[in-house]
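Tertiary structure, described
Here is what each chain is made of, one letter per residue.
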Amino acid sequence: MFLCQYACILSLYSCFLRHARSRNYVSESEVCKLESVPLDFGDYHPLKPITVTESKTKKMNRKGSTSSTSSSSSSSVLDPLSSVLDGTDPLSLFAAAADPVPTTATMDSTRKKRDKDDSPAVGSDFEPWSSKRGEILARYTTTEKLSIVSGSFSRKAATTGSAVSEKVRTRLEELDDLEEGSQKELLNLTQQDYMNRIEELNQSLKDAWSSDQKVKALKIVIQCSKLLSDTTVIQFYPSKFVLITDILDTFGKLVYERIQSMCVDNRVSLPDNFSPECVNDTAKETCLNWFFKIASIRELIPRFYVEAAILKCNKFLSKTGISECLPRLTSMIRGIGDPLVAVYARAYLCRVGMEVAPQLKESLNKNFFDFLLTFKQIHGDTVQNQLVVQCVEIPLYLTLYSPAIDWILQCIAYRAPEVLLTEMMERCKKLGNNALLLNSVMSAFRAEFIAARSMDFIGMIKECDESGFPKHLLFRSLGLNLALADPPENDRLQILNEAWKVITKLKNPQDYINCAEVWVEYTCRHFTKREVNTVLADVIKHMTPDRAFEDAYPQLQSIIQKVITYIYDFSLLFSVEKFLPFLDMFQKESVRVEVCKCIMESFIKHQQESTKDPVILNALLHICKTMHDSVNALTLEDEKRMLAALINGFIKMVSFGRDFEQQLSFYVEARSMFCNLEPVLVQLIHSVNQLAMETRKVMKGNHSRKTAAFVRACVAFCFITIPSLSSIFTRLNLYLHSGQVALANQCLSQADAFFKAAVSLVPEVPKMISVDGKMRPSDAFLLEFLCNFFSTLLVVPDHPEQGVLFLVRGLLNVIQDYTWEDNSDDKIRIYTNVLHLLSAMTQEAYIYHVDKVDSNDTLYGGDSKFLTEINKLCETVIAQILDHLKTLGKEETLKRQSQLALYFFNTILAHGDLRNNKLNQLSVNLWNLAQKHGFADTKTMVKTLEYIKRRSNQPEMSHFTDLALRLPLQSRT
């Protein structure tokens, strides 16, 4: 049956081009325009919230259940997106749930907000202990051997006595067991072994608790707390404190949650702000039992730490429990003789106090003032003898106090009034302006308070007792505050001079660069390029000898970042004499490239207008060349893309105005410098094409001899550069784009060369190409390119020596010879698009033209020989289409046959003159073939038929009525 139908179709196809529909593109455009309807907006605005009336209908299910319809309307303003989220933002919820671990920059910036909220609760601007934990563990390490006392923790048989006194006696004996003989000492542990052992104890605590061995859990906590009295390896003490207090925190949380769970009544838990009256007697008794157990601990240090760990549990007993316990625990610390152990005990009490009762600042203040009273113990004979035994110098010993003092002062200074800073300064003066205390005060209080008293602090720093804590660290802390807040304007220069007098005298390069890094920001914020240049020169002077800069790349990078943050006018930046010599200190390639990327990102971000400043161009070309030269065979693709994007951003910002020749010279130089980055070459080709079009715009399409030669030079640039690209589709598209630019500038022979190159490149298209790292078939990309190519070929005039439609013929030959996938119909879809092109070529006037370029409609003027050649091409193409339709007659390919038949039908519908009976019959046969085997899309067929019926109502389209009657719709059955 199909063979007969195919023979019928084959006998009709030659009439297609002879009966191509004559098109009046202007009138068709008018008909297709959307009807304009006047609209009265009134109060309507597209961004204004709307009132939504919601109607919900519950449909009957297939099993025949009853149906119900419900509707609800609301006059309230509803946002459909917000209603779905119930007023919540999932990203905000995740962010709120995450533990905040702010960076140093975040920590400094939050200090600026502390005076905006005077509520006693701890807010997000308070830097939590968790953010300091990692820094302390990384900073305070040791290579010496450590020891740890470990208990056996064997569980004894339960006492069968029923008397309460027997139970109490048994539990006390279990606690005494730890202190009297169930211990063994593990010696010669490395730091990692020690940390692993502490982690094992933490896990043992959790396991004991989960197995209801509460006494064993308490014994573990007591043992760990005792370790905090051991200072035999003193330089490791801060890290030991962090590890042990993690266990204490775990214990305190377990006890609190245990008592809280006992308060659950009828599955209703206690509210957050519960009162002791809400707690039942059983929970209170259990809570008291824990405090009584802890009170029976003999040694002071474990008794203090364990009670502080469960301080929050006082909420179950009385409203004033915490406020009464804090002063008592503060007084207990006075009994600790070692000043280092005592100060960390005070830090832990402040930490717990800020968590459970941040409003009780008086107890925190008392805690710190107690420390000040005993501060002189640091220089006592006992401590000095201990340091001699452990061979620890006093400067190193003093740094061990910093984490504890900094934390205590942070708790005290949090949202504290300015008068407290004044009081602290007076107390520091009474203690001889101790450098350690002064540094902690400047680190703890708000930057605004410190900046306002900058000269007072400088005076105190000058007179301070260094005693192991160098003054340059104090100036560094002051500089950190001045980077966040501005000092009085009249004092700014004097502050810089006083600070730099100390900094520039530093002999140790590492000490010097750590301070200079901070004060560079202050200089950039408040002074001109002269002062910045002086500071950079001083840094170069200090860091160049013995190549000291090699050990200070992070600080030098920070300096560059700060300079370009405040001096983002690049004409001003490159006029700083020492800026480029400063860049020369980055000798390590990876660091040098990172610095160059940082500079280019700043340029792209801040440069608002294009530039032709030779100083900027030369400097940035050098920087971009450095980035480009870092690319090698091992460079990742993401890194190449990033570097190319930065270089392209620079190229786009370069403009010489009307000096087009200078602009082209710049692009030629850039091509030679950045030849290893393909995206840069692509950008240069686009830029040169744009330059040619700007030239055309200036000349209004009428080129002079000079501009014509210049445009040809631009075209030659593109023609030479494109073959160096590796991506075949990039080359194809650039050949097409550049050919269009050449055609627009009346460079006809050059345009032909581009199009010929594109045609000759099509056979090289591989079957699979890499797209976003994945291999994909190339057919779809080739189909898209060829459709664009056909659109251009419509307006390309024939070469007088090459024959009629030589480019179209050449492209058709390439398509015919190309090896297509067996299960692909893209070749036939391309042929169908060729019919669109050939139909458009038969029109008396083409739908579009290139200005000042005569297309074939003008050259041939509807010559019969020209139309005959088009007819021959059409016959060849249709024969190919029908041959392919015939090969799809097998059962497994009937669906593809249906789709292609309908596709060909639509082509005839759009471009053929269906008043011709033979062509009309051809379209009917294709329609029937499309739905013959039941594979046609019913919706598409219905919509197509409706379209034909609508068209029949238009003038000169009445023949569509008869056609519609001849197109039956068949059901799938």
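Conventions used here
Residues numbered from 1 in each chain as written. Predicted model: local features only at pLDDT ≥ 70, side-chain atom pairs only at ≥ 80, totals over all residues. Heavy atoms only, no water. Helix = DSSP H or I, 4+ residues; strand = E, 2+ residues; numbered from the N terminus. Buried < 20%, exposed > 50% of the residue type's maximum accessible area, 1.4 Å probe, protein only. Contact = heavy atoms within 4.5 Å. Areas by Shrake-Rupley, 256 points an atom, 1.4 Å probe, with all protein chains shown as cover. Salt bridge = Lys/Arg side-chain N within 4 Å of Asp/Glu carboxyl O. Axes fitted to C-alpha atoms, helices over the stretch in contact; angles between N-to-C directions. Parallel < 35°, antiparallel > 145°, perpendicular 65-115°, else oblique. Left-handed = near helix turned anticlockwise from the far one by under 90°. Pairing = 2+ DSSP bridges. Phe/Tyr/Trp six-rings, centres within 6.5 Å; stacked < 30°, edge-to-face > 60°. Lys NZ or Arg CZ within 6 Å of the ring centre and 35° of its normal. Polar contact = N/O pair within 3.5 Å; in protein donor to acceptor, adjacent residues only side chain to side chain. Expected span 1.5 Å × (residues − 1). pLDDT = per-residue confidence, 0-100. Nonpolar A, V, L, I, M, F, W, Y, C, P; charged D, E, K, R; others polar. Core = buried A, V, L, I, M, F, W, Y, C linked by side-chain atoms within 4.5 Å. Lys, Arg positive; Asp, Glu negative; His and termini not counted.

Each helix and strand counted, the chain has 47 helices and six strands in total. The buried share of the chain, reckoned over its 973 residues, is 49%. Long-range pairs, those at least 24 residues apart, make up 74% of the contacts in the chain between residues at least 6 apart in sequence. Of the accessible surface of the chain, which amounts to about 49200 Å², a share of 52% is contributed by carbon and sulfur atoms.

Moving on: the pattern of salt bridges. Following the criterion strictly, the structure yields 30 salt bridges and no others. With a closest N to O distance of 3.1 Å, Glu200 and Arg197 form a salt bridge. Here Glu200 pairs with Arg197, and both are found in helix α9 (residues 191-210), just three residues apart, close to one helical turn. Here Lys429 and Glu426 are joined by a salt bridge, their closest N and O atoms 3.9 Å apart. In this pair, Lys429 and Glu426 both sit in helix α20 (residues 418-430), three residues apart, roughly one turn of the helix. With relative accessibility at 40%, the residue Glu426 sits in the partly exposed group. Each member of the salt-bridge network shares a partner with another, and the members are Glu517, Glu521 and Lys562.

The next subject is unusual backbone geometry. A positive phi angle, near 55°, is found at Asp546, a position not held by glycine. Following the sequence through the fold, Asp546 ends up in the loop between α27 (529-543) and α28 (553-566). Positive phi, close to 50°, is recorded for Leu805, a residue that is not glycine. By secondary structure assignment, the location of Leu805 is in the loop between α39 (779-793) and α40 (806-817). Owing to a relative accessible area of 2%, Leu805 belongs among the buried residues under this scheme.

The N-to-C vectors of helix α10 (residues 214-226) and helix α11 (residues 237-261) enclose an angle of 150°; their axes lie 9 Å apart at closest approach. Classified by the interaxial angle, the pair formed by α10 and α11 is roughly antiparallel. Judged by the sense of rotation from one axis to the other, the crossing of α10 with α11 is left-handed. Judged by residue contacts, Lys214, Leu218, Val221, Cys224 and Ser225 of α10 engage Ile244, Ile247, Leu248, Phe251 and Arg258 from α11.

A regular strand places its side chains on the two faces of the sheet in alternate fashion. Two strands pair when backbone bridges link them, and strand β5 (residues 768-771) and strand β6 (residues 774-777) are joined in this way by four bridges, in the antiparallel orientation. Pairing of Ser770 across the sheet is with Met775, part of β6. Taken together, β5 and the strand that follows it, β6, pair antiparallel across an intervening segment of two residues, in which Asp772 is found at a positive phi of about 55°.

On to the environment of Asp230. Locating Asp230 in the fold gives a position in the loop between α10 and α11. Each C-alpha atom of the pair Asp230 and Ile148 lies 9.4 Å from the other, and the pair is 82 residues apart in sequence. When neighbours within four sequence positions are excluded, Asp230 is seen to be in contact with Ser147, Tyr237 and Lys240.

Taken as a whole and judged by the stated rule, the model has 41 aromatic pairs. An aromatic cluster is defined as three or more aromatic residues linked by ring pairs; in this entry it consists of Phe126, Trp129, Tyr237, Phe241, Phe304, Tyr305, Tyr344, Tyr348, Trp407 and Tyr414. Positioned above the aromatic ring of Trp209 is the side chain of Lys214, whose terminal nitrogen or guanidinium carbon lies 4.9 Å from the ring centre. Directly above the aromatic system of Tyr256 lies the positively charged group of Lys312, at a separation of 4.5 Å from the ring centroid.

This part covers the side chain of Thr231. Along the chain, Thr231 falls in the loop between α10 and α11. Note on Thr231: relative accessible area 9%, which makes it buried. A distance of 2.6 Å separates a polar atom in the side chain of Thr231 from a polar atom in the side chain of Gln386. Those residues in contact with Thr231 that lie beyond four places of it in its chain are Tyr237, Asp338, Val341, Gln386 and Gln390.

End to end, helix α25 (residues 492-503) covers 16 Å across 12 residues, agreeing with the expected 16 Å (1.5 Å per residue, within 8%). Of all the residues in α25, the buried ones are Arg492, Ile495, Leu496, Glu498, Ala499, Trp500 and Ile503. Buried residues belonging to α25 abut α23 (454-463), α24 (471-482), α26 (509-526) and α27.

Turning next to the confidence of the model for the chain. The share of residues in the chain with pLDDT of 70 or more is 84%, and the mean pLDDT across the chain is 83. The model gives residues 9-14 a pLDDT under 50, and that stretch makes 15 contacts with residues more than four places away or in other chains. In this model, residues 152-164 is a region of pLDDT below 50 whose contacts with residues beyond four sequence positions or in other chains number 13 contacts.

Looking now at the packing of helix α35 (residues 678-698) against helix α37 (residues 728-744). Contact geometry of α35 with α37 gives a least axis separation of 10 Å together with a crossing angle of 10°. As the angle between them shows, α35 and α37 are arranged roughly parallel. Two packed elements cross with a definite hand, and for α35 against α37 that hand is left-handed. Taken together, the residues of α37 that come into contact with α35 (itself represented by Val682, Ile685, His686, Asn689, Ala692, Met693 and Arg696) are Thr730, Leu734, His737, Ser738, Val741 and Ala744. Residue composition of the contact of α35 with α37, by class: seven nonpolar, five polar and one charged.

This part takes up helix α38 (residues 748-761). With 14 residues, α38 extends 20 Å from end C-alpha to end C-alpha; this agrees with the ideal 20 Å at 1.5 Å per step. When α38 is considered as a whole, its buried residues turn out to be Ala751, Asp752, Phe754, Phe755, Ala757, Ala758, Val759 and Leu761.

As a further point, take the nonpolar core. In summary, soluble globular proteins display a tendency toward joint burial of nonpolar side chains. The biggest cluster of nonpolar side chains holds 311 residues, and the ones touching the most others in it are Phe368, Trp519, Val539 and Phe650. At 13 residues, the largest contribution of residues to this core is made by helix α15 (residues 339-356). Among all residues touching Phe368, those that are not within four sequence positions of it are Ile405, Ile408, Leu409, Ile412, Met424 and Leu437.

To continue, consider the environment of Val796. Its place among the elements puts Val796 in the loop between α39 and α40. In this structure, the C-alpha to C-alpha distance between Val796 and Gln740, residues 56 residues apart in sequence, is 9.2 Å. Setting aside its immediate chain neighbours within four residues, Val796 contacts Leu743, Asp752, Phe755, Leu807 and Asn856.

So, on to the side chain of Lys827. Mapped onto the fold, Lys827 is located in helix α41 (residues 826-841). For the buried Lys827, no salt bridge exists, and the shortest N-O distance to an oppositely charged side chain is 7.5 Å, to Asp817. In this structure, Lys827 is in contact with Ile815, Gln816, Trp820 and Gln880, ignoring residues within four places of it in sequence.

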